[in-house]
Amino acid sequence: MDYEIAITSARHHREETIRELTNLKQELQSDLDRLTQAKQEDDSEGVTPQKGNSGYYLRQHCLRYEQTVKAGQQMETMARIADWIGRYGD
């Protein structure tokens with residue numbers, strides 16, 4: 001692997017990390033807003049799927065978080081490889 005490939009890959013994974021974090025943030029904020037609004041309107045709403053809690057999928061948020069961490073780890077790995085090649089390669 002050469003330096004340019006490692007840098008390009010690190011940049012790609014950085015963009016993927018940003019995209020995944022943005023999606024996670026938006027989905028969590030959407031669920032928080034919906035649940036908070038339901039609580040403020042009527043405490044019986046927003047508690048069960050029948051009462052407005054459809055769309056709150058903690059497991060889906062966990063999956064999004066895992067994807068974000070994976071992209072971040074790939075970004076860091078490729079950045080370290082690029083740094084190593086830059087210092088000791090050629």
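Asks: Pulling in residues and values, what's your account of the overall build of the chain?
Replies: Across its full length, the chain carries two helices and zero strands. Intrachain contacts of the chain at a sequence separation of at least 6 include 74% that bridge at least 24 residues. Carbon together with sulfur atoms contributes 52% to the accessible area of the chain, which is approximately 6,900 Å² in total.

Asks: Kindly report on the nonpolar core, identifying the contributing residues and their values.
Replies: Within the largest apolar cluster, six residues are counted, these being Ala6, Ile7, Ala10, Met78, Ala82 and Ile85. When contributions to this core are tallied by element, the ones reaching two or more residues are α1 (3-41) and α2 (58-88). Met78 has contacts with Met1, Ala6, Ser9, Ala10 and His13, leaving out every residue within four places of it along the chain.

Asks: Now, about the pattern of salt bridges: what can you tell me, with residues and values included?
Replies: For side chains of opposite charge, pairing can occur when their charged atoms come near one another. The final tally for this structure, using the stated rule, is four salt bridges. The partner of Arg64 in a salt bridge is Glu20, and the shortest N-O contact between them spans 2.9 Å. With Arg64 in helix α2 and Glu20 in helix α1, this residue pair connects regions lying 44 residues apart in the sequence. Asp83 is the salt-bridge partner of Arg87, the closest N and O atoms lying 3.2 Å from each other. On the criterion of helical spacing, the pair formed by Arg87 and Asp83 is a turn pair, its members being four residues apart in helix α2. What emerges from the salt-bridge pattern is a single network uniting Glu20, Glu27 and Arg64.

Thresholds applied
- Residues numbered from 1 in each chain as written.
- Predicted model: local features only at pLDDT ≥ 70, side-chain atom pairs only at ≥ 80, totals over all residues.
- Heavy atoms only, no water.
- Helix = DSSP H or I, 4+ residues; strand = E, 2+ residues; numbered from the N terminus.
- Contact = heavy atoms within 4.5 Å.
- Areas by Shrake-Rupley, 256 points an atom, 1.4 Å probe, with all protein chains shown as cover.
- Core = buried A, V, L, I, M, F, W, Y, C linked by side-chain atoms within 4.5 Å.
- Buried < 20%, exposed > 50% of the residue type's maximum accessible area, 1.4 Å probe, protein only.
- Salt bridge = Lys/Arg side-chain N within 4 Å of Asp/Glu carboxyl O.

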